[in-house]
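Structure at a glance
Listed below, chain by chain, are the residues.
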Amino acid sequence: MKKRRVFLIVFLIIVLAAASPYISMKIKAGLNKDILTKLEGEIYYTKRDDEALTLYKSEANLEDEELIYSHKGKGKIDESDHNDNIIDHYYDKETREIEFLAMNDGYFSLYKMEIGEENPELIGRGEDVLKDDISLDKNDYIKTEIGNKSAIEKEGSIYIVENGEERLVKKFYGMYDFKFTGYSPIGFSPDGKYLIYNSMEHLTSVGVIIDGMIGGFGGNKYIMDLETGKSARYVNAYNIQWVMDDIEV
């Protein structure tokens, strides 16, 4: 009877330890959503749909998400292989046109379209029309440096460096592994008031590895109000371009 009770206690501890990161993620997903209501502008980004990076836009507060373009089924490399990812993009708010790179007959090629159109115009192979055939010359993604301020990562924690002074804004408590755990800055909002960062969510690398084996988990994106230090769950996107009216930082 005593052995059974000990076994049950140990089993419950293991279950709670395994489930706690997921419970924590669920709780954090609903925290501080009021931060999003203050965000201004639009964001243009790629996120993974049906295993392919697809182009989207939404308000910065994540309302009115809109599919701009999917290259699914069009990224032919050869008769036996394909790549349907959109790997790079740039939105010009003056012309309302968006350029992007995607595969066409074995070459990453430049496409262009106006927002609202369905069929993009093929401009040409990247190697022919760009300085670097796998990157747009003028992409404008959010960056970890803005004005005299930068965001850096140390041992899984995030610091803001401003005028030579470091300030801790997000502390990581856990066993740090640069591949599997901790927080990493992605970029500032154009006005410098917010920071988007990635969290691997787990305190040890074991949880991240298990998540990766199950569903390819790569953490979650958050946005931090740098004035209050509070964070809210943000869109799990790549290559975020944040467009706002002209502002001074």
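Refer to the structure presented above.
Residues numbered from 1 in each chain as written. Predicted model: local features only at pLDDT ≥ 70, side-chain atom pairs only at ≥ 80, totals over all residues. Heavy atoms only, no water.

Description of the sheet that holds strand E12 (residues 157-162)
Keep this limit in mind: One requirement defines pairing of two strands: DSSP has to find at least two bridges between them. Each helix is a run of H or I in the DSSP string that is no shorter than four residues. Each strand is a run of E no shorter than two, and both are numbered from the N terminus.
Spatially, the four strands line up as an open sheet ordered E10-E11-E12-E13, and their pairing is antiparallel. Of all the strands in the sheet, just strand E10 (145-146) and strand E13 (165-170) have a single pairing partner and so form its edges. Two elements, strand E11 (residues 149-154) and E12, share six bridges in a ladder whose sense is antiparallel. Each bridged residue has a counterpart across the sheet, and for Ala-151 the counterpart in E12 is Ile-160.

Considering the pairing of strand E2 (residues 52-59)
Basically, it comes down to this: Only protein chains enter the calculation, and the probe is 1.4 Å; a residue is then buried if its accessible area is under 20% of its type maximum, exposed if over 50%, and partly exposed in between.
Among the eight residues of E2, seven are classified as buried, and the element is accordingly described as predominantly covered. As paired elements, strand E1 (residues 42-49) and E2 share eight bridges and run antiparallel to each other. Residue pairing across strands places Arg-48 opposite Leu-53, the latter belonging to E2. Counted between consecutive antiparallel strands, the loop separating E1 from E2 contains two residues, among which Asp-50 sits at a positive phi close to 50°. What sits between E2 and strand E3 (residues 66-69) in their antiparallel hairpin is a turn of six residues, with Leu-62 showing a positive phi close to 75°.

Brief notes about the pattern of salt bridges
Filter applied, for reference: Any Lys or Arg side-chain nitrogen located within 4 Å of an Asp or Glu carboxyl oxygen qualifies as a salt bridge.
The final tally for this structure, using the stated rule, is seven salt bridges. Between Glu-65 and Lys-47 there is a salt bridge whose closest N-O contact spans 3.0 Å. Remark: Lys-47 occurs in strand E1 and Glu-65 occurs in the loop between E2 and E3; sequence separation between them is 18 residues. Here Glu-79 makes a salt bridge to Lys-76, at a shortest N to O gap of 2.9 Å. Classification of Lys-76 as partly exposed rests on a relative accessible area of 37%. A cluster of three or more residues bridged by salt bridges with shared partners is formed by Glu-42, Lys-57 and Glu-66.

Focus on the packing of aromatic side chains
Aromatic ring pairs are reported here in terms of the distance separating the ring centres and the angle at which the planes meet. Filter applied, for reference: Aromatic pairing here means that ring centres of Phe, Tyr or Trp (its six-membered ring) are within 6.5 Å. Orientation follows from the plane angle: under 30 degrees is stacked, over 60 is edge-to-face, and everything else is tilted. Any Lys NZ or Arg CZ found within 6 Å of a ring centre and within 35 degrees of that ring's normal is scored as a charge over the ring.
One pass over the structure, following the stated rule, counts seven aromatic pairs. Relative to Tyr-222, the ring of Tyr-197 lies with its centre 5.8 Å away and its plane at 20°, an arrangement referred to as stacked. Within this pair, whereas Tyr-197 is found in strand E15 (residues 194-199), its partner Tyr-222 is found in strand E16 (residues 220-225), the two being separated by 25 residues in sequence. The same class applies to Tyr-197 and to Tyr-222, which are both buried. In textbook terms, an aromatic cluster arises when at least three aromatic residues are bridged by ring pairs, as seen for Phe-172, Tyr-183, Tyr-197 and Tyr-222. The lysine or arginine in question, Lys-154, covers the ring of Tyr-159, its NZ or CZ lying 5.7 Å from the ring centre. The ring of Tyr-238 carries the charged tip of Lys-221 above its face, separated from the ring centre by 5.3 Å.

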